[in-house]
Every structure is written in structure tokens, then in C-alpha cells.
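As a plain string of letters, each chain reads:
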Amino acid sequence: MAVVNNKKILRKWLKALQAGDLETMLALQSKDCMWILPGTTKLPWAGRWKGAARQKIYLKRIESAVDFGRQEFREYIGEGGHIIVTGQEVARSKPKGKSWDVTFAWAFKIKRGKLVAWEAYENTEIIAACY
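Residues numbered from 1 in each chain as written. Predicted model: local features only at pLDDT ≥ 70, side-chain atom pairs only at ≥ 80, totals over all residues. Heavy atoms only, no water.

**So, helix H3 (residues 52-65)**
Basically, it comes down to this: In this description a helix means any DSSP run of H or I spanning at least four residues, a strand means any run of E spanning at least two, and both kinds are numbered starting from the N terminus. Multiplying 1.5 Å by the helix residue count minus one yields the expected span of that helix. For every residue, the accessible area (1.4 Å probe, protein chains only) is compared with the maximum for its type, and the residue is labelled buried under 20%, exposed over 50%, or partly exposed between those bounds. Comment: arc refers to directions from the helix axis out to C-beta atoms.
Helix length check: H3, at 14 residues, gives a terminal C-alpha distance of 20 Å against a target of 20 Å (1.5 Å per residue), a fit within 8%. All of the buried residues in H3 are Gln55, Tyr58, Leu59, Ile62 and Ala65. The arc that holds every buried residue of H3, seen down its axis, measures 140°, which confines them to one face. The exposed set on the far side of H3, more than 90 degrees from its buried face, consists of Ala53, Lys60, Glu63 and Ser64.

Next up, the structure:
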């Protein structure tokens, strides 16, 4: 039952992420939640984003750097507080107008009904080439 509830929490969090709704995201995650997003310095969002203040900066950077065409979440694979989400993202860099189409796997940890960590695994070389 915990995995089902965790997946429900995660689906709500991902919907809020897509909408840029930090308030809802913060309500569903721990105060010290860590986001880990790989990539080179070409990607303005790459790095570690811990806590609400840093995550607000992340969302502003994403908003100014990316036009999302499609972000599709395909599978939610989980056991206990660990859930992997696989998906497809089609987007365009705002600075250069170049597009990418990548698959991803995002790893999430949920404890006591709150998201505590998000780590992205995707081909950042393809994305960086668009910047």
C-alpha cells in the first residue's frame, strides 16, 4: 500500500513540476529535499538544488531557458520509498532555438509521505548541444 501512496504523491509532485507550481511541490516534499540534475555548465539548471530557496532559482532558470514541447511519464517502477520514473522529453532551448528529444529515468526517494530526493538520469550531451 505504501508504494501506491508514494506513486500518488509523486504523480502530484510531477504535475506541479510541469506547471512550475513550487507551492504545491514544497507541500509534497521535505524542507531539505535535494534535487540532483547532471550536466555541464552550459545547462543553467545543472547541479544540486537543496531546499525551497534554491529550488525557486532552479524553476526560474528552467523557465528562462527551456520551451517544453512534450514531457511524458511512461512507467512508475517502485519498491518502498524508491520510485523510478521513465519518460520522454521533447523541448527547445530558448537561447538558440535548438530542439532535443531524449528519454530519461528519474529516481525519487519518498519518506514518511514526503519526497526527499530527485536525481535525473538523461543524455545531457544531447541537451547541452542545444545551448
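**Some points on the sheet that holds strand E5 (residues 99-111)**
Spelled out, the test is: What makes two strands pair is DSSP finding at least two bridges between them. Whenever a helix is involved, its axis is fitted only over the stretch in contact; in every case the axis is a line through C-alpha atoms, and angles between N-to-C directions fall within 0 to 180 degrees. Any two residues whose heavy atoms approach within 4.5 Å at even a single point are treated as in contact.
Reading across from one edge, E2-E1-E6-E5-E4-E3 is the order of the 6 strands in this open sheet, with mixed pairing throughout. On the outer flanks of this sheet lie strand E2 (47-50) and strand E3 (66-79), each paired with one strand and no other. Adjacent strand axes in the sheet meet at a mean angle of 15° when their direction is disregarded. As paired elements, E5 and strand E6 (residues 114-122) share 8 bridges and run antiparallel to each other. Across the sheet, lysine 109 pairs through a bridge with alanine 117, a residue of E6. The strands touched by H3 within the sheet are strand E1 (29-37), E2, E3, strand E4 (82-93) and E6, with E2 carrying the most contacts at an inclination of about 130°.

**Things to note about the side chain of asparagine 6**
Following the sequence through the fold, asparagine 6 ends up in helix H1 (residues 2-19). With a relative accessible area of 9%, asparagine 6 lands in the buried category.

**What to know about the layout of surface pockets**
Note the cut-off: Grid points spaced at 1 Å and placed over the protein atoms alone form the basis of the search, with a cavity being a set where a 1.4 Å probe fits but cannot get out and a pocket an open set showing protein on both sides within 12 Å along at least five of seven lines. Lining residues have an atom within 4 Å of a point. Grid points are joined across faces, edges and corners, and a volume is the space filled by probe spheres set on the points. Note on residue classes: Ala, Val, Leu, Ile, Met, Phe, Trp, Tyr, Cys and Pro are nonpolar, Asp, Glu, Lys and Arg are charged, and everything else, Gly too, is polar.
Estimated volume of the largest pocket: approximately 410 Å³. The set of elements that each furnish at least two residues to the lining of the largest pocket consists of H1, H3, E3, E5 and E6. Partitioned by chemical class, the residues of the lining of the largest pocket number 13 nonpolar, 3 polar and 5 charged.

**A word on the environment of alanine 91**
Position of alanine 91 relative to the elements: it lies in strand E4. When its relative accessible area of 3% is taken as the criterion, alanine 91 is described as buried. Each C-alpha atom, one on alanine 91 and one on valine 66, is 6.7 Å from the other, the two residues being 25 residues apart in sequence. Alanine 91 has contacts with Val66, Asp67, Phe68, Gly69, Lys98, Ser99 and Trp100, leaving out every residue within four places of it along the chain.

**Comments concerning the packing of aromatic side chains**
Two aromatic rings, taken as a pair, are described by how far apart their centres are and by the angle between their planes. Cut-off, in case you're wondering: Any two of the Phe, Tyr and Trp rings considered here, Trp counted by its six-membered ring, make a pair once their centres fall within 6.5 Å; the pair's planes then place it as stacked at under 30 degrees, edge-to-face at over 60, or tilted in between. Put simply, a charge is over a ring when the Lys NZ or the Arg CZ is close to the ring centre, within 6 Å, and near the line of the ring normal, within 35 degrees.
Tallied over the full model, the rule gives 15 aromatic pairs. Taken together, a centroid distance of 5.1 Å and an interplanar angle of 80° make the contact between tryptophan 35 and tyrosine 58 edge-to-face. Placement of the pair is tryptophan 35 in strand E1 and tyrosine 58 in helix H3, with a sequence separation of 23 residues. Ring geometry for phenylalanine 73 against phenylalanine 104: centres 6.0 Å apart, planes inclined by 75°, an arrangement best described as edge-to-face. Pair noted here: phenylalanine 73 is in strand E3 and phenylalanine 104 is in strand E5, with a separation of 31 residues, a long-range link. Here phenylalanine 104 falls in the buried class, since its relative accessible area comes to 4%. Here a set of aromatic residues connected by ring pairs shows up, and it is made of Trp13, Trp35, Trp49, Tyr58, Phe73, Phe104, Trp106, Phe108 and Trp118. Over the ring of tyrosine 76 we find arginine 11; its NZ or CZ atom is 3.9 Å from the centre of that ring.

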